[in-house]
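Structural characterization, general
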Amino acid sequence: MKWFLPYLAFIFLSELQVAYQIYLDANKPNVTFYYFISILEYIFYNYIFYHLLGSRVIKRIVRYLIIGVTLNFMAGFLFAANKQAYLLVSLAISGFLLSAIAQVYIYLKFISDDETSTLLISEPGFWIAFGVSIFFSGTCIVFSLHDFIMKNQLEFFGFKLYHFVPRILSIFLYSGISVSLILCKKKNKILLSPS
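A few points on the structure.

Within the protein chain one finds 7 helices and 2 strands. The secondary structure elements of the protein chain, listed N-terminal to C-terminal, are α-α-α-α-α-α-β-β-α. A globule of 195 residues ought to have a C-alpha radius of gyration of about 16 Å, and the protein chain, at 18 Å, matches this closely. With the principal axes as the frame, the protein chain shows a C-alpha extent of 60 × 35 × 30 Å.

Structure representation (structure tokens):
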């Protein structure tokens, strides 16, 4: 949890840099930052689930996914003829995989829950998994349909649909992270307080 604030600061600064570049030339998108952000984002969230998951088999799968998806992003950045199209496909696939890992975590927590344990919604990991699964499942659908959205010029409130959906889903992602940080802080206070 201690890495969330530096991670969020990095994401914020990276998005500002991308917005500045779009401001300078909106017709020439720079996908370099998005490749870098996507790699870091995928590694970061899977690193969290790696530590939250108890199953050795699932942890091994997460390790292989981190390596495979990172190599995929790097290959696209280095060798793809159309870097933007490759990035969109990679984002759709990695988003689906990350959502699946988050759902596996929720499922494993749900089936291991017994009457004596705390409620699932009081677990910080649940809220991370909730936010990640909502955000990445939604964005992977939108990125999968990018060409269709562009061809039909689909918009919502004047925003292109592939811009609008991630912005709305970010509310769920960052709300889940916020609740998780609050719950983690409360748990630490309880653990550190004298009995």
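This part covers the environment of glycine 176. Within the fold, glycine 176 resides in helix 7 (residues 161-192). Taking C-alpha positions, glycine 176 is 19 Å from leucine 108, a pair spaced 68 residues apart along the chain. Setting aside its immediate chain neighbours within four residues, glycine 176 contacts Trp127 and Ile128.

Further remarks concern the nonpolar core. If you look at the biggest cluster of nonpolar residues, it comprises 44 residues, and the most contacted ones within it are Phe4, Tyr45, Phe49, Leu53, Phe73, Leu98 and Val132. Those elements giving two or more residues to this core turn out to be helix 1 (4-24), helix 2 (32-52), helix 3 (56-79), helix 4 (83-112), helix 5 (124-144) and helix 7. Residues contacting leucine 53, with those up to four places away along its chain left out, are Ile58, Lys59, Val62, Ile101, Tyr105 and Leu108.

On to the packing of helix 1 against helix 2. It is at 11 Å that the axes of helix 1 and helix 2 come closest, and there the two elements cross at 160°. With respect to helix 2, the axis of helix 1 lies roughly antiparallel. In terms of crossing hand, the pair formed by helix 1 and helix 2 is left-handed. Touching Phe4, Tyr7, Phe10, Ile11, Ser14, Glu15, Gln17, Val18 and Gln21 of helix 1 are Phe33, Tyr34, Phe36, Ile37, Leu40, Glu41, Phe44, Tyr45 and Ile48, all from helix 2.

Criteria and cut-off values
- Residues numbered from 1 in each chain as written.
- Predicted model: local features only at pLDDT ≥ 70, side-chain atom pairs only at ≥ 80, totals over all residues.
- Heavy atoms only, no water.
- Helix = DSSP H or I, 4+ residues; strand = E, 2+ residues; numbered from the N terminus.
- Rg over C-alpha atoms; globule rule 2.2 N^0.38 Å.
- Contact = heavy atoms within 4.5 Å.
- Core = buried A, V, L, I, M, F, W, Y, C linked by side-chain atoms within 4.5 Å.
- Buried < 20%, exposed > 50% of the residue type's maximum accessible area, 1.4 Å probe, protein only.
- Axes fitted to C-alpha atoms, helices over the stretch in contact; angles between N-to-C directions.
- Parallel < 35°, antiparallel > 145°, perpendicular 65-115°, else oblique.
- Left-handed = near helix turned anticlockwise from the far one by under 90°.

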